[in-house]
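# Structure assessment
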Amino acid sequence: MELLSEKGLPTSRSEEYRFTPVVRNLEGIFSGAPAPAAPITASLDLIPGISANLLVFVNGRYSPNHSKVIDNSLTVKTAATPAPKADQDPFDLLNQAFADELIEIQVPDHQQLVHPVAIVYYIDHSQFVFANPRWSLRLGTGSRCTVLEYTVASSAASFFNNKQSTIEVRENARLDYILIQRGSRDEVMVNNTAVWLSSSAQALCYTCTLEGKLVRNNLSLILDGEGIDAHLHGLYLVTGQSLVDNHSVVDHRKPNSFSNELYKGVMDDNGKAVFNGKIFVRTDAQKTNAFQSNRNILLSENSNIHTKPQLEIWADDVKCSHGCTTGQLDEEALFYLRSRGIPKDAAKGLLLTAFAGETLEGIHDEAIRGFVESLILEKLHTAHLQ
Amino acid sequence: MAKDDHIIQEITTKEYEHGWVANLESESAPKGLSEEIVRFISQRKSEPEWLLEWRLKAYRHWLTMEEPKWPNVTYPAINYQDIIYYSAPKKKASPKSLDEIDPELLKTFEKLGISLTEQKRLTGIAVDAVLDSVSVATTFKEKLGELGIIFCSFSEAVHEHPDLVKKYLGSVVPATDNYFAALNSAVFSDGSFCYIPAGVRCPMELSTYFRINAANTGQFERTLIVAEEGSYVSYLEGCTAPMRDENQLHAAVVEIYAMKNAEVKYSTVQNWYPGNKEGVGGIYNFVTKRGLCAGDHSKISWTQVETGSAITWKYPSCVLKGDYSVGEFYSVAVTNNFQQADTGTKMIHLGKHTKSRIVSKGISAGKSQNSYRGQVHIHKRAVNARNFSQCDSLLLGDKCGAHTFPYIDVENDSARVEHEATTSKIGEDQIFYCQQRGIDEEAAVALIVNGYAKEVLNQLPMEFAVEAQKLLALTLEGSVG
């Protein structure tokens, strides 16, 4: 807390938070006291028909009573939070000031989990909740694990979920990390996730933002080994008064790795989105291939997008590229569909679905992919096709 | 790989060819910066009261500002009191013709390959030469005067066309715009002024040549170009400096004001002394360049070839205010040894149907750092704005860095903005392909780099393109034949 008060929370003057007034959104509603736990009434299972290892945080605190581990090899422990360091993100420090425990999740070496691990944030809706969940996940050598992360809250709930997590993926392990953000319209969410990858690890990180008043995702991938294959996909459908800010870092520290980043966004109403993708290629990371693409569609007059794809390269034998586009739906494609008798709205929906759908490639589990797709369709349907 | 190392070594051993010092008597202001100095400069140039006031206002504002820290460059703090802010070659009286100009001075410019004597009339370029802080000669004045074009030194313009200067000075880059622009506004000593009347198409290329000669001086010149309705001008700028161990500061301001249907093309070949191969000395090039497309259908195009300077910090920008106005930015930035460049552009779309295009090619070698930083801002009112940006980086050697910081802010839903960037080294397969066909490695690298920069070099006027190509070849000598 001392470090934090020295540093202060970021304002719009700070480069990293230029367009995202997190603090302004918190003013007035900040009560600070952690809310008491209440009995859970809503269903915590996200995907019908898929059973998962359920790890539940109630109002930011881990609740063993509500959690349910069905894969025997998975261990979940409670530990003390580590000592804070000065170079941490201000929200990380804020979390540390309030969180008194760290949930350590471990997948042992050479174990392939049968069921996904679902990390659920359950929010009590009776009053404003300031939640500070904190967890770490370690995938042992050669292991495999799918993580689903989402919030369960009633539509009236208003809360600030300040989540911090680290994931360590050891040699030859494979991580599928799927984050679905659709808590409630009044959600303020800061999401710090750091993923450390060792040699020959594989990872897919998928961030799907469908709801929330203000969402800030800090996702960093540190490629600290050779032969790593990393994919970052993201989709943000921003409507109403929402602001969605995705900051990602891909840090290539060792040679011969591959990373591919694809983030897509559709903005409507007064929706506002920020994308900042950093790719670092350090001096040692020769033979790196790193690609990044950010594509946006603006549907309404008042929507806007601030994007800053950033490449910083200190090695010469690399292939890196980034591309970024902002535009509208292709008039000609729309005309083509309409000339074949498809009504305008349906044609628009079809094109948007196709646009959003590309990000889903890479999710291996068909049930999960199908479910995320249905969420996207539902959102597109309510937002644009009435 | 051994061959690569060899090539890189050759690149890094290339010396600066304009590194001589001309033996010119000069008179200068004492070191340091204060209101006195600002008054001294103003008085020395017998400026009207309003201009002095303008300078003082800028100076007072500068005092309240802080040096920007955001560029991706590192350098020791500049001691602003250790710089001579005014240095001028001594002259007897103002020269009526070129015959009266100090022969040493003429020699200086002949060494640079710039013809002040109008012998080389065939080259057809009007030149305004600025040595240290003062404009020393302007050629082809009469011929231009027949068309109503005003092309003269800034101090001359202040005396002869005070209304024009007063109207447009600071209209694009206000005196309080940024740290270095404010400093320039306070102490600028000379520069070029150019006014193209309505409907006139300037028949020749206009050119300014800057040279820092005296030691310990900073150069602060100011260029103002006003293009009236329907006019056209192509403007060239070149610069060199002697080799010195200390760092010298160059903080210039260029303003372009384009009315309805006017077109201005501004080309720069920047070849300030970059410092030696240990990174000692060289020019700090902190420049503010901005063009305002004030009228509908106006167009401003920036082309730059940046090979010199220890540190470059420069973002030629376009404010697209008029409907259907067009902004363009073409850049090749080469850094070698310990050079650092943070350069790019800003395209501010305010008017409807405005278009902009950015093509930036960075080449880094040795231990240099090369950054592209650019902003494309589509304002809410800018209906149907269109932007295309491309910024590529080429890395030669494993100790250099390439960085891209593009900011894209879109507030209008009818805008189409595209941005793409790549970073790579010259592909081994590309070199192999050339070698297979009997082209040796060095020639192959030359071929590839030339092809890489072609898109930008093609934008330069003929006379400059030749110089730029030569410069590119020299800067990367060894890899470019």
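Conventions and cut-offs
Residues numbered from 1 in each chain as written. Chains lettered and ligands numbered in written order. Predicted model: local features only at pLDDT ≥ 70, side-chain atom pairs only at ≥ 80, totals over all residues. Contact = placed C-beta atoms within 7 Å. Helix = DSSP H or I, 4+ residues; strand = E, 2+ residues; numbered from the N terminus. Nonpolar A, V, L, I, M, F, W, Y, C, P; charged D, E, K, R; others polar. Pairing = 2+ DSSP bridges. Axes fitted to C-alpha atoms, helices over the stretch in contact; angles between N-to-C directions. Parallel < 35°, antiparallel > 145°, perpendicular 65-115°, else oblique. Left-handed = near helix turned anticlockwise from the far one by under 90°. Buried ≥ 20, exposed ≤ 12 C-beta atoms within 10 Å, placed from the backbone. pLDDT = per-residue confidence, 0-100.

All right, on to the interface of chain A and chain B then. On the side of chain B, 27 residues touch chain A, which itself brings 30 residues to the contact. Contributing elements (two or more residues each) for the side of chain A that touches chain B: β19 (304-313) and β20 (319-327) of chain A. Grouping the amino acids of the side of chain A that touches chain B by side-chain chemistry returns eleven nonpolar, 13 polar and six charged. Pairing between β19 of chain A and strand β23 (residues 401-410) of chain B: six bridges, direction antiparallel. The residue of β23 of chain B that forms the bridge with T307 of chain A is I408 of chain B.

This paragraph deals with the environment of I70 of chain A. All names here are of chain A. For I70, the location among the structural elements is in the loop between β2 (61-62) and β3 (75-79). As for I70 and L113, which are separated by 43 residues in sequence, their C-alpha atoms are 9.8 Å apart. Not counting the four nearest positions on each side in its chain, I70 is found in contact with S51, N53 and H115.

With that settled, consider the packing of helix α2 (residues 35-44) of chain B against helix α3 (residues 49-64) of chain B. All names here are of chain B. The N-to-C vectors of α2 and α3 enclose an angle of 155 degrees; their axes lie 10 Å apart at closest approach. Relative to α3, the element α2 is oriented roughly antiparallel. At the point where α2 passes α3, the crossing takes the right-handed sense. Between α2 and α3, the contacting residues are E35, V38, R39 and S42 on the first element and L51, L52, R55, L56 and Y59 on the second. In terms of residue class, the contact of α2 with α3 is built from five nonpolar, one polar and three charged.

All names here are of chain B. Within helix α8 (residues 179-187), eight of the nine residues are buried, leaving the element largely enclosed by the surrounding structure. Every buried residue of α8 is listed here: F180, A181, A182, L183, N184, S185, A186 and V187. Against α2, α3, β8 (221-227), β11 (253-258) and β13 (282-293) lie the buried residues of α8.

Residue and element names in this part refer to chain A. Non-glycine residue H110 carries a positive phi angle of around 60 degrees. The topology assignment puts H110 in the loop between β4 (102-107) and β5 (117-122). One non-glycine residue with positive phi stands out, namely K287, at about 55 degrees. Along the polypeptide, K287 turns up in the loop between β17 (272-281) and β18 (289-298).

Residues and elements named next belong to chain A. The element strand β13 (residues 214-223) is largely enclosed, with a buried count of eight among its ten residues. Bridge analysis of strand β11 (residues 186-197) against β13 gives ten bridges, and the strand direction is parallel. Considered in β13, the bridge of N191 is made with N217. Here β13 runs beside strand β15 (residues 243-252); their pairing, made up of ten bridges, is parallel. Looking across to β15, one finds that V215 is bridged to V244.

Residue and element names in this part refer to chain B. Residue-level pLDDT values for chain B average 78, and 78% of them are 70 or greater. A low-confidence stretch, residues 7-13 (pLDDT under 50), is modelled with 22 contacts involving residues beyond four sequence positions or located in other chains. Confidence metrics for the complex model read pTM 0.81 and ipTM 0.77.

Residues and elements named next belong to chain A. Secondary-structure assignment places I167 in strand β9 (residues 158-169). Classification of I167 by C-beta neighbours within 10 Å gives buried; the count is 22. Expressed as a C-alpha distance, the spacing of I167 and L137, which sit 30 residues apart in the sequence, is 4.7 Å. Non-local contacts of I167, meaning those with residues more than four positions away in its chain, are made with L137, L175, Y177, T193 and V195.

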